[in-house]
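Reading the structure
Each chain, written out:
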Amino acid sequence: MEAQIQIHPKKRAHIWAIGGGKGGVGKSVVSILLALGLANHNQNTVLVDADLGAANLHTLMGMKTPNRNLNDLISQKYDSIEEICVQTPISNLRLVCGASEILSYANPPLSHKHKIVQSIAHMAADHVIMDLGAGTSFNVLDFFLIADKPVVVLTPQPISIQNAYAFIRNAVFRRLSRMAQKHPSLHELVRMAMNPKNDSQIRTIADLYEAVQNSHGEKSAERLMDTVHRIRPILITNMAREQRDANAARIIQVVAEKYLNVQSQGVAAIPFDPLVEKLIAQMLPITALPKTSRALANATAIAGKLIS
Ligand SMILES: Nc1ncnc2c1ncn2[C@@H]1O[C@H](COP(=O)(O)OP(=O)(O)OP(=O)(O)O)[C@@H](O)[C@H]1O
Ligand SMILES: [Mg+2]
């Protein structure tokens, strides 16, 4: 049974988790751009490749295959995440490389995730940005849910908007199901509500609140709503090509609030930047982007807003 991942309330770095469901929307690119943006604001930043399936941040950063990675932390070759951090060519920015071998555990036991999260939370840094893998596996959702800056990346395409909504909905139910795990009848209700076509006509979190209120009382219903309200994602439309493309994240903002009672922490857009595409196609590092790059300039502005 999964337990709640807890972080000790010592002084700790701000944790960002960059997710968003389907592959190819730009989670890794946005992770790097935000990290470069934070470094531009003189913030001591660490990028963590938490894509346990296909670690590729070091390639995008133009760095050689590292000889230290997350697996060394889990296998206890090194004791602290600081030891597996490598300096990038950008001052203020370090990288923790991913480990594809972790995938062999399919869904690593909670103790492994716990170890990664505890180490990450206590890093000597102002900000830690985790680039998450594609999909909505428990790995991805658990890392997303522990972040204080959980970012959902989407593109302006309707299918991507749908995926982003499904990602947030899955995150909500993952958290609710962990909250209810010690209360079998409440857990069953949450599990049933997870099916969007359930027979009890529970379609929204407000419906679920009402159902819990009727069956378990006011206190349980309030606890459920508090749990949902603690999820405050930042919604970023990536690869926006025209002004109206930025509406994609705003649509999610409205729909997530209406159906899931989830309020966003912020909404932003990063433009499609041919320079980014060109660098990646030529296997050149994104760190070579000039500060005048539209995508980097936007990401730096977004990072500045989110830390102010
Ligand atoms: N702002 C941008 N401007 C131009 N191209 C971009 C931008 N963001 C992403 N791309 C393009 O999209 C591709 C996919 O981006 P990225 O690898 O970051 O996606 P991802 O969501 O991390 O995918 P995966 O889930 O497979 O890890 C990049 O190789 C690049 O060509
Ligand atoms: Mg990626």
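These numbers come from a predicted model, not from an experiment.

Quick look at the overall build of the protein chain now. Of regular secondary structure, the protein chain possesses 13 helices and 8 strands. The C-alpha atoms of the protein chain give 19 Å as radius of gyration, which agrees with the globular expectation for 308 residues (19 Å, within 12%). For the protein chain, restricting intrachain contacts to residue pairs at least 6 apart in sequence, the fraction spanning at least 24 positions comes to 74%.

Pairing in this open sheet of 8 strands is mixed, and the strands run 3-4-2-5-1-6-7-8 from one edge to the other. The strands lining the two open edges of the sheet, one partner per strand, are strand 3 (85-87) and strand 8 (266-271). Strand-to-strand twist of the sheet, defined as the mean angle between neighbouring strand axes without regard to direction, takes the value 25°. The sheet contact formed by strand 1 (residues 14-19) and strand 5 (residues 127-132) spans 5 bridges and is parallel. Looking across to strand 5, one finds that Ile15 is bridged to Val128. Relative to strand 1, helix 6 (residues 138-146) is tilted by about 145°, and along the sheet it contacts strand 1, strand 2 (45-50), strand 5 and strand 6 (149-154). Seen against the sheet, helix 7 (residues 158-179) touches strand 1 and strand 6 and runs at an angle of roughly 155° to strand 6.

A separate point is the environment of Thr88. In this structure, Thr88 sits in the loop between strand 3 and strand 4 (93-96). Distance in space between the C-alpha atoms of Thr88 and Met63 is 7.8 Å, their sequence separation being 25 residues. Excluding residues within four positions of it along the chain, Thr88 makes contact with Met61, Met63, Leu93, Arg94, Leu95 and Thr287.

With that settled, consider the packing of helix 1 (residues 27-40) against helix 13 (residues 294-307). Running from amino to carboxyl end, helix 1 crosses helix 13 at an angle of 65°, the nearest separation of the two axes being 8 Å. Like other packed secondary-structure pairs, helix 1 and helix 13 cross with a definite hand, here right-handed. Residue-level contacts link Leu33, Leu34, Leu36, Gly37, Leu38 and Asn40 of helix 1 to Ala295, Leu296, Ala299, Thr300, Ile302 and Ala303 of helix 13. Class assignment for the residues of the contact of helix 1 with helix 13 results in 9 nonpolar, 3 polar and no charged.

On to the confidence of the model for the protein chain. Of all residues in the protein chain, 93% attain a pLDDT of 70 or more, and the chain-wide mean is 90. Mean pLDDT values for the elements of the protein chain range from 78 in helix 5 (residues 110-121) up to 98 in strand 7 (residues 234-240).

Moving on to the site of ligand 1. Within the structure, ligand 1 sits among 18 residues, and Gly23, Gly26, Lys27, Ser28 and Ala134 are positioned closest to it. Taken together, the residues of the shell around ligand 1 break down into 9 nonpolar, 5 polar and 4 charged.

On to the pairing of strand 7. A large share of strand 7 lies buried, amounting to 7 of its 7 residues. Bridging between strand 6 and strand 7 involves 4 bridges; their strand directions are parallel. Within strand 7, the position partnered with Val151 by the bridge is Ile234.

Here the focus is the packing of helix 8 (residues 184-194) against helix 9 (residues 205-216). Packing of helix 8 against helix 9 leaves a shortest axis separation of 11 Å and a crossing angle of 155°. One element, helix 8, and the other, helix 9, form an angle in the roughly antiparallel class. Considering how the two elements wind past one another, helix 8 and helix 9 form a crossing that is right-handed. Where helix 8 approaches helix 9, its residues Leu186, Leu189 and Ala193 are matched on the opposing element by Leu208, Ala211, Val212, Ser215 and His216. A class-by-class count of the residues in the contact of helix 8 with helix 9 yields 6 nonpolar, 2 polar and no charged.

So, about helix 9. Helix length check: helix 9 (12 residues) gives 15 Å between terminal C-alpha atoms against 16 Å at 1.5 Å per residue, within 8%. Buried within helix 9 are the following residues: Ile205, Leu208 and Val212. Summarising the axial view, the buried residues of helix 9 lie within an arc of 50°, below the 170-degree limit, and thus occupy one face. Tucked inside the fold, the buried residues of helix 9 contact helix 7, helix 8, helix 10 (218-229) and helix 11 (247-260). A positive backbone phi angle near 95° is found at Gly217, which sits one or two residues after helix 9.

Ranked by internal contacts, the top residues of the largest apolar core, which has 97 residues, are Val128 and Met130. Counting residues per element, this core draws most heavily on helix 1, which supplies 9 residues. Not counting residues within four places of it along the chain, the set of residues in contact with Val128 comprises Ala13, Ile15, Trp16, Val46, Val48, Ile120 and Met123.

What counts, and at which threshold
Residues numbered from 1 in each chain as written. Chains lettered and ligands numbered in written order. Predicted model: local features only at pLDDT ≥ 70, side-chain atom pairs only at ≥ 80, totals over all residues. Helix = DSSP H or I, 4+ residues; strand = E, 2+ residues; numbered from the N terminus. Rg over C-alpha atoms; globule rule 2.2 N^0.38 Å. Contact = placed C-beta atoms within 7 Å. Pairing = 2+ DSSP bridges. Axes fitted to C-alpha atoms, helices over the stretch in contact; angles between N-to-C directions. Left-handed = near helix turned anticlockwise from the far one by under 90°. Nonpolar A, V, L, I, M, F, W, Y, C, P; charged D, E, K, R; others polar. pLDDT = per-residue confidence, 0-100. Near = placed C-beta within 6 Å. Buried ≥ 20, exposed ≤ 12 C-beta atoms within 10 Å, placed from the backbone. Parallel < 35°, antiparallel > 145°, perpendicular 65-115°, else oblique. Expected span 1.5 Å × (residues − 1). Arc of directions from axis to C-beta. Core = buried A, V, L, I, M, F, W, Y, C linked by C-beta atoms within 7 Å.

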